[in-house]
Amino acid sequence: MQDLILKDPILKDLIVFDMDGVLVDALESYRAAIQETVKHFTGEEPARAEIQEWKNRGGFNDDWHLSHQMIHERGGKATHAEVADYFRQIFHGDGSNGLILRERWIAEDGLFERLSSNHMLAIFAGRLSWEAKLTLDRFTKITFDPIVGADCVSRLKPDPEGLLKIRGAVEHGKCWYIGDTIDDARAAHAAGVPFIGVGHGNLGEGSFAVLEDINSLEAAIAAHR
């Protein structure tokens, strides 16, 4: 009798998502928190276009760091710790009134149910991992695992540490990273992961596709298999 050769099941492909601007509209949460924090320490509220210009430069994935830099550029003397503390206060509030509650889920009904049927889904975000879980729990019952946030890495984006952690944690077929900033794109490229951009920010070169929003993702992935 010939020996039976058992083949491993085909591994699912892995899609890793950033959160802000990709899964959730954060204009009234994180971006608003930057505006309010800068205004609190300087008396001057930056326009959203200015915040986007800073994001487009790269190196400002951390919104506490960005707020601190914008405050100092305006002559403010607040320390990074003071900026981060105030940012957290207005972002989380008392659990019932924080800016985080203004976030809007971008994905249309059924998108992640379809994607999760034949892909593994994970998160590599600039926010803290528990904040990411809190927001995901508000909007969806779909499992994203692992969830890697700023508190899970020693080096923030554009360093690829978070992406590499995720790839090393789960067996998978092909992998994509979906993001909306130049730092997301640079992290993907450094990790050797195909990048799909979302929105109208500076995404650099080398994106496999640039989408209006996440709801076009299925077609983009199908076209680049």
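Since we're looking at a predicted model, the values are computed, not measured.

Colleague: Got a minute to help me understand the nonpolar core in this structure?
Modeller: When a protein is soluble and globular, its nonpolar side chains tend to lie buried together. Residues F17, L23, F112, F144, I178 and L217 are the most contacted members of the largest nonpolar core, which totals 30 residues. Put simply, the parts of the chain that give this core at least two residues each are β1 (13-17), α5 (111-118), β4 (119-124), α6 (129-139), β6 (175-179), β7 (195-198), β8 (209-211) and α9 (217-223). Once you skip the residues sitting within four places of it in the chain, L217 turns out to touch I15, F17, L115, I178, I196 and L211. Listed in part, the 20 residues of the second largest apolar core include A33, I34, V83 and F91.

Colleague: Please clarify how the pattern of salt bridges should be interpreted in this entry.
Modeller: Side-chain pairing between opposite charges can occur once the charged atoms of the two side chains come close. In this structure the tally under the stated criterion is 14 salt bridges. The shortest N-O distance in the salt bridge between R104 and D25 comes to 3.2 Å. Of this pair, R104 sits in strand β3 (residues 104-105) while D25 sits in strand β2 (residues 24-25), and the two are 79 residues apart along the sequence. Within this structure, D18, K157 and D184 form a network of salt bridges that share partners.

Colleague: Got a minute to help me understand the packing of aromatic side chains in this structure?
Modeller: Any pair of aromatic rings gets described here by the distance separating the centres and the angle formed by the planes. Counted according to the given criterion, the structure contains 12 aromatic pairs. With a centroid separation of 5.8 Å and 35° between ring planes, the pair formed by F124 and Y177 is classed as tilted. Note that F124 is positioned in strand β4 and Y177 in strand β6, a separation of 53 residues in sequence. This pair shows no difference in class: F124 is buried, exactly as Y177 is. Here the aromatic cluster, defined as three or more aromatic residues joined through ring pairs, consists of F17, W105, F112, F139 and F144. Here R88 stacks its cationic end above the ring of W64, 4.8 Å away from the centre of that ring. The ring of F124 carries K157 above its face, with NZ or CZ at 4.9 Å from the centroid.

Colleague: Sorry if this is basic, but what is going on with the confidence of the model for the protein here?
Modeller: Low pLDDT marks stretches whose predicted atomic positions should not be read closely. Of all residues in the protein, 95% have pLDDT values of 70 or greater, and the mean over the chain is 93. Scored below 50 in pLDDT, residues 1-8 shows 0 contacts in the model against residues more than four places distant or in partner chains.

What counts, and at which threshold
Residues numbered from 1 in each chain as written. Predicted model: local features only at pLDDT ≥ 70, side-chain atom pairs only at ≥ 80, totals over all residues. Heavy atoms only, no water. Core = buried A, V, L, I, M, F, W, Y, C linked by side-chain atoms within 4.5 Å. Buried < 20%, exposed > 50% of the residue type's maximum accessible area, 1.4 Å probe, protein only. Helix = DSSP H or I, 4+ residues; strand = E, 2+ residues; numbered from the N terminus. Contact = heavy atoms within 4.5 Å. Salt bridge = Lys/Arg side-chain N within 4 Å of Asp/Glu carboxyl O. Phe/Tyr/Trp six-rings, centres within 6.5 Å; stacked < 30°, edge-to-face > 60°. Lys NZ or Arg CZ within 6 Å of the ring centre and 35° of its normal. pLDDT = per-residue confidence, 0-100.

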